[in-house]
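Chain by chain, the residues run as shown.
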Amino acid sequence: MDPTIDQIIFLIVSILTLGAGFVVVTNRNLLYSALAMMASFLGVAAIYVLLDAGFLAAAQLLVYIGAISILVIFAIMMTRRLMQSTETSFNAQWGMGIFTALVVFGLFVAVIGNFWPLAPAAGQPLASGTAVPDGMLQDSIAALGRAFVSVDAFVIPFELASVMLLAAMVGAILVAWPKAEDEV
Amino acid sequence: MIPLSWYLLLAAALFSLGLYGVVARRNTIAILMAVELMLNAVNINLVAFWRYMTPDRPVGLAWAVFVLTVAAAEAAVGLALVISIYRSRDSVVAEEMDLLKN
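Quick caveat, the model's predicted, so the values are computed rather than measured. (Residues numbered from 1 in each chain as written. Chains lettered and ligands numbered in written order. Predicted model: local features only at pLDDT ≥ 70, side-chain atom pairs only at ≥ 80, totals over all residues. Heavy atoms only, no water.)

Visitor: If you had to explain helix H7 (residues 155–176) of chain A to someone new, which residues and values would you point to?
Guide: Helix length check: H7 of chain A, at 22 residues, gives a terminal C-alpha distance of 32 Å against a target of 32 Å (1.5 Å per residue), a fit within 8%. Buried residues of H7 of chain A: Val155, Ala161, Ala168 and Ala172 of chain A, and no others. Down the axis, H7 of chain A shows its buried residues gathered within 155° of arc, on one side only. Residues of H7 of chain A that are exposed and point over 90 degrees away from its buried face: Ile156, Leu160, Val163 and Leu174 of chain A. Taken together, the buried residues of H7 of chain A touch helix H6 (136–149) of chain A together with helix H3 (59–89) of chain B. (Helix = DSSP H or I, 4+ residues; strand = E, 2+ residues; numbered from the N terminus. Expected span 1.5 Å × (residues − 1). Buried < 20%, exposed > 50% of the residue type's maximum accessible area, 1.4 Å probe, protein only. Arc of directions from axis to C-beta. Contact = heavy atoms within 4.5 Å.)

Visitor: Please give an account of helix H1 (residues 5–26) of chain A that cites residues and values.
Guide: For H1 of chain A, spanning 22 residues, the distance from its first C-alpha to its last is 32 Å, which sits close to the expected 32 Å at 1.5 Å a residue. Taken residue by residue, H1 of chain A has Gln7, Phe10, Val13, Ser14, Thr17, Ala20, Gly21, Val24 and Val25 of chain A as its buried positions. The buried residues of H1 of chain A all sit within an arc of 165° when viewed along its axis, so they share a single face. Facing away from the buried surface of H1 of chain A by more than 90 degrees, the exposed residues are Ile5, Ile15 and Leu16 of chain A. Looking at the buried residues of H1 of chain A, the elements they touch are helix H2 (30–50) of chain A together with helix H1 (4–24) and helix H2 (28–52) of chain B.

Visitor: Describe the interface of chain A and chain B, listing the residues and the values that go with them.
Guide: Between chain A and chain B, the contact holds 89 residues from the first and 71 residues from the second. Between chain A and chain B, roughly 7,400 Å² of surface is buried when both sides are summed, and carbon and sulfur atoms account for 77% of that area. Among the residues of chain A in contact with chain B, Phe10, Val25 and Leu51 of chain A are the three that bury the most area, contributing 9% of the side total. Scanning the region where chain A abuts chain B turns up one salt bridge. (Buried area = accessible area lost by both parts, 1.4 Å probe. Salt bridge = Lys/Arg side-chain N within 4 Å of Asp/Glu carboxyl O.)

Have a look at this one:
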């Protein structure tokens, strides 16, 4: 089976995402880790585009690359003295960590392969994207917006999310505020 | 077209990478970054299942947006904690945060 253009794009994006993710968890220099994390988020945004979820891709760009990465880089710079330490960046459990991660990954692959063939022939269920009528995917953003404010869908989680964001903001300011005795 | 299982495999690999980072890294900020990778993997799964299983209902999209929101809040509070601990203990290494030990 020759790979189609979609599949080639998917493979390239996946390799970029996973390679950047590998740099995130292995690089000694935290700043490089943070930059690789931004690349990985960008790859995930591209995956959202492949999945016809353009709104989420834009949200990913804004929230993850625009906000969370900048927060992480700020935190790295504020603790910069420790960033260039020559000591090892892994703790004593790193071997066990590799083992655990590989076991978990193997378990995932076994479960996924059990339900959906890993290399399905054409025509098997979910071997390709579900065909949908024209306009349904464009309407999905409007449907998402309506679901967020409709009583029989997500209005309570939506309001709770805004309260949680407020609480997180106040909490973050309170936690990071310098204590009185520090201000000399 | 791309089979659903490929997206699930990508998400599983990204999740395992993040898991390794959480377990093995010493720096707290690195641990937080690995947690963000894991949340991204979960989001890929949610969006893939939405696209392949229920494209007529935006349930998966809504969950993905909530995960995004919680990740933003988690990053803000987590990094504030890291900075606060750095102020009081001069360290961001997870093993040295042992105030509650013994």
